[in-house]
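A closer look at the structure
Chain by chain, the residues run as shown.
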Amino acid sequence: MIVLRVLVVTVVITLAVTLQVALFPYLAYDGVVPNLALLVVVAAALIRGPEFAAGLGFLAGLAVDLAPPADQVAGRWALALVVVGYLAGRVRHDARTSAVAAIVTVAASSFVGTSIFALSGLLLRDPAVPVAEALSVIPVAVSYDVLLTPFVLPLMMRLFQRLEPRRQVVY
Amino acid sequence: MASRSRRSSQSGQDARPSKAVLVLLLLASFTVITLDVRGGDDSPVEPLRSAAGEVFGPVEVLTASVVRPFRAVPDFLTTTSSLRSDVERLEAENSALRGELTTTVVDRNRADELDGLLETSRSTGYALLPARVIGMGPAQSFSSTVTIDAGTSAGVRPDMTVVNNDGLVGRVLRADRRSATVLLIVDAESVVGGRLGASMEVGFLRGRGRVGDRGRLDLDLVDNAVTPAQDDIVVTWGSRNDVPYVSGVPIGRVQSVYSSPRELSKQAVIEPLVDFSSLDLVGIVVDGDRVSDEGRGLITAQGEGTGP
């Protein structure tokens, strides 16, 4: 069972990262694409809690950092998604009360994740992105993530619930 | 903290999320970042990166080939097939004519200056290895890179020039077996030596890091007495041994010129000829004498397009 779980999670991360670079550029708005890996991490956080989500965030972030054509310093998305997974996991009891709360959680997660990534870029000068440009990208990224939430988040949440049936008794 | 009462009814692990896990993972992230920043080109992360390339490259090739047919769907809805082929034919003709026009100025200048070091013939005689763009980095990552579906097995090596039928696209950053990563010239880290078509003045073009319609390059001229003319064409200056950029490839047009009191040299904003948001078929400039292991057809100056 544990092998199956690891396999499913690996496939989900690979699929998210691949679609992010190979499919969504055709639907990109000004180069910004929905951050599928982030949505997967948030879904995991809402179902499984902060520890699991932070761990998953690290792996998913590393995959985003390393999969071609990524060229940034490795570990930057990993750092961002660890924080996102942890924070979303902390508020999961409130986030699951209604659909609006879930969407607000995604928006906040997307804002935090993209901002941490942009800030780490500013600190590392990798590359030296002007602040104005980072500020123009973040709102688009957040709205695109929110736009995709109704299609991705329930699906992912159901998947993580299936992988961990024991948790269903909590609610 | 409003959910404290609900949490208390659950298992102990839930009531108090472990800080240790978070700290451990944050430290792990910082370690990876530090290793990669300190290491530079031979960082310990580099083998990991190429391993990820070997795994994700073929997956991206597969995904792109599945997705590709659906890209044409909006076209089916808006135009008939005959109209579409007409448009394609005219666009190809148009960009061919535009390419001819843009290089004429430079070629004429070259002939005038009897520039023996730069052979004019070479500017049209490059052999191109065709490849398709299969993946594009998101703008959230602030780096403008794309994946192409040709790798070391097709003869692609790092630091090769990548062009398409409009002009210069970028250079190969790293090559895996089945795929390669290309740094676009609009990336903030990209610097290309450029030459103004009309005055033959040289300068450096730096990307601004935006891919969309606002993708622009900044040109710093070496000679500060020269003012670039509007709409003047900029071509590659050419690097030593043609690595990473071959010479004479059109890059863009001068959109506007400004000079700041702080800088000595004049700066020009260059609008690239290539539309980076809709990149598809590109060509990698390779040594025409070498045949790729994959048997991929080369496009040569004679127009012998022996595609796969």
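Residues numbered from 1 in each chain as written. Chains lettered and ligands numbered in written order. Predicted model: local features only at pLDDT ≥ 70, side-chain atom pairs only at ≥ 80, totals over all residues. Heavy atoms only, no water.

A look at the overall build of chain B
To be explicit about the condition: The helix and strand labels rest on DSSP assignments: H or I over at least four residues marks a helix, E over at least two residues marks a strand, and numbering proceeds from the N terminus. Note on classification: 1.4 Å probe, protein chains only; a residue is buried when its accessible area is under 20% of the maximum for its type, exposed when over 50%, partly exposed between these limits. Areas reported as accessible are Shrake-Rupley estimates using a 1.4 Å probe. Residue values count occlusion only from the protein chains shown.
Secondary structure summary: chain B contains six helices and 12 strands in total. When each of the 308 residues of chain B is scored for burial, the buried share is 46%. When the accessible surface of chain B is split by element, carbon and sulfur atoms take 56% of a total near 15800 Å².

Observations regarding the nonpolar core
As a rule of thumb, soluble globular proteins bury nonpolar side chains together. Selection rule: In plain words, nonpolar cores are sets of buried Ala, Val, Leu, Ile, Met, Phe, Trp, Tyr and Cys residues tied together by side-chain atoms within 4.5 Å. Residue contacts are defined here by distance: any two heavy atoms, one from each residue, within 4.5 Å place the two residues in contact.
Formed by 65 residues in total, the largest nonpolar core has its most connected members in Leu153 and Phe160 of chain A. Of all the secondary structure elements, the ones that give two or more residues to this core are helix H1 (2-22), helix H2 (36-48), helix H3 (50-66), helix H4 (76-90), helix H6 (99-124) and helix H7 (131-163) of chain A together with helix H3 (19-39) and helix H4 (45-71) of chain B. Other than its neighbours up to four places away in sequence, Phe160 of chain A contacts Val9, Val40, Ala43, Ala44, Ile47, Phe52 and Leu56 of chain A.

Some remarks on the interface of chain A and chain B
The condition is simple: What gets called buried area is simply the loss in accessible area from a 1.4 Å probe that two parts show on being joined, summed for both. A pairing counts as a salt bridge when a side-chain nitrogen of Lys or Arg comes within 4 Å of a carboxyl oxygen of Asp or Glu. Polar contact is defined as a pair of N or O atoms within 3.5 Å, subject to the rule that within protein one atom must be able to donate a hydrogen and the other to accept it, and that residues adjacent in sequence are counted only when both atoms are side-chain atoms. Residues are grouped as follows: Ala, Val, Leu, Ile, Met, Phe, Trp, Tyr, Cys and Pro are nonpolar; Asp, Glu, Lys and Arg are charged; every other residue, Gly included, is polar.
Each partner contributes to the interface: chain A provides 62 residues, whereas chain B provides 59 residues. Across the chain A/chain B interface, buried area totals approximately 5100 Å², and carbon plus sulfur atoms make up 63% of it. It is Tyr26, Glu51 and Pro69 of chain A that lose the most area in chain A upon contact with chain B, and together they represent 13% of the buried surface on that side. Inspection of the region where chain A meets chain B yields one salt bridge. Salt-bridge contacts for Arg174 of chain B lead to Asp71 of chain A; the nearest nitrogen and oxygen are separated by 3.1 Å. Counting the contacts that link chain A with chain B gives eight residue pairs in polar contact (both at pLDDT 80 or more). Take the side of chain A that touches chain B: its biggest share by element is nine residues, from H3 of chain A. Of the residues contributing to the side of chain A that touches chain B, the split by class is 38 nonpolar, 12 polar and 12 charged.

Overview of the packing of H2 of chain A against H4 of chain A
Residue and element names in this part refer to chain A. Note the following rule: Lines fitted to C-alpha atoms define the axes, with helix axes restricted to the stretch in contact, and inter-axis angles between N-to-C directions lie between 0 and 180 degrees. What makes a crossing left-handed is the near helix being turned counterclockwise from the far one by less than a right angle; a clockwise turn instead makes it right-handed.
Their axes nearest at 8 Å, the elements H2 and H4 cross at an angle of 35°. Seen along the crossing, H2 lies across H4 with a hand that is right-handed. Listed contacts from H4 to Ala37, Leu38, Val41, Val42, Ala45 and Leu46 of H2 are Leu81, Val84, Gly85, Ala88 and Gly89. Class assignment for the residues of the contact of H2 with H4 results in nine nonpolar, two polar and no charged.

What about the sheet that holds strand E3 (residues 161-163) of chain B?
Residues and elements named next belong to chain B. The criterion, for reference: Following DSSP output, two strands are said to pair if at least two bridges run between them.
Pairing in this closed barrel of six strands is antiparallel, and the strands run E1-E2-E5-E4-E3-E12 around the ring. Mean inter-strand twist for the sheet, computed between neighbouring axes without regard to direction, equals 45°. In the sheet, strand E4 (residues 168-175) pairs with strand E5 (residues 180-184) via five bridges, with the strands oriented antiparallel. The residue bridging Arg171 from the neighbouring strand is Leu183, located in E5.

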